[in-house]
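# Descriptive analysis of the structure
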Amino acid sequence: GQQVMQIPQYQHVQEGEDFTTYCNSSTTLSNIQWYKQRPGGHPVFLIQLVKSGEVKKQKRLTFQFGEAKKNSSLHITATQTTDVGTYFCAGGYYKLSFGAGTTVTVRA
Amino acid sequence: GAVVSQHPSWVICKSGTSVKIECRSLDFQATTMFWYRQFPKQSLMLMATSNEGSKATYEQGVEKDKFLINHASLTLSTLTVTSAHPEDSSFYICSARGVGRAYNEQFFGPGTRLTVL
């Protein structure tokens, strides 16, 4: 079945710095979704990318979908303490396959 | 719109008992509901897919007799963990896909944390 891999597993960031988390699929994806899960919470939908090479921005978050639609990235600039949590990518048309997630901690 | 609720939000039970978790779409009709399980510090693993009025489709490795899923209406799906054991302790999350919505659009519930003693 479809496998979605995500790296890094953990990201410890100095407040104010940028970081990127990457998502790769073994197969071409019809779309990629990104979720954020705060500690103790449930996944919250952030965004969906559908088109090859698509780039979307949400304030300090930039999401990209690769040209081959097999990889995606989430880049966060000027990290804040509110960015703490685990970021998951998920791919799939009918059923979602989630990546392992990148858990982000921020040091002030 | 597109709110999904789960009940209970957390439950503690003794080993050997059964626990029922409800997933409701509050402001839309859900043709399909998905049940996920998440162990601590791990990702979400799809357990099963349920369509209203039909039998659930279970993912490989998920025991259908242990995790009973019922999707009796377009707004309610239930997951019953039968004869629960400590290894079933996990965070169970449902999601729902709405009637007329895009195939790849799912709305997640807040999850149910199950602890089996």
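Presented here is an overview of the structure given in this document. (Residues numbered from 1 in each chain as written. Chains lettered and ligands numbered in written order. Predicted model: local features only at pLDDT ≥ 70, side-chain atom pairs only at ≥ 80, totals over all residues. Heavy atoms only, no water.)

### Overview of the nonpolar core
Ranked by size, the top nonpolar core spans 27 residues in total, and within it Phe67(B) and Leu114(B) carry the most contacts. Those elements that place two or more of their residues in this core are strand E2 (10-13), strand E3 (19-25), strand E4 (30-38), strand E5 (44-51), strand E7 (67-73), strand E8 (76-81), strand E9 (90-98) and strand E11 (112-116) of chain B. Other than its neighbours up to four places away in sequence, Leu114(B) contacts Val11(B), Cys13(B), Val19(B), Val81(B), Asp88(B), Ser89(B), Ser90(B) and Tyr92(B). Counting residues in hydrophobic clusters, the runner-up holds 19 residues, among them Val4(A), Cys23(A), Trp34(A) and Ile47(A). (Core = buried A, V, L, I, M, F, W, Y, C linked by side-chain atoms within 4.5 Å. Buried < 20%, exposed > 50% of the residue type's maximum accessible area, 1.4 Å probe, protein only. Helix = DSSP H or I, 4+ residues; strand = E, 2+ residues; numbered from the N terminus. Contact = heavy atoms within 4.5 Å.)

### A closer look at a nonpolar patch on the surface
Together, Trp10(B), Ile12(B) and Leu117(B) give the surface a local cluster of nonpolar side chains, amounting to about 390 Å² of exposed area. The topology assignment puts Ile12(B) in strand E2. (Patch = residues over 30% accessible without salt bridge, like charges linked within 9 Å, V, L, I, M, F, W, Y side chains within 5 Å. Areas by Shrake-Rupley, 256 points an atom, 1.4 Å probe, with all protein chains shown as cover. Salt bridge = Lys/Arg side-chain N within 4 Å of Asp/Glu carboxyl O.)

### A few points about the interface of chain A and chain B
The interface is formed by 19 residues belonging to chain A together with 22 residues belonging to chain B. Counting each side, the surface lost to burial between chain A and chain B is near 1,600 Å², with a carbon and sulfur contribution of 52%. Where chain A packs against chain B, one counts 1 salt bridge. One salt bridge connects Lys95(A) with Glu59(B), and the closest N-O pair in it is separated by 2.7 Å. Among the elements that make up the side of chain A that touches chain B, the one with the highest residue count is strand E4 (residues 32-37) of chain A (3 residues). (Buried area = accessible area lost by both parts, 1.4 Å probe.)

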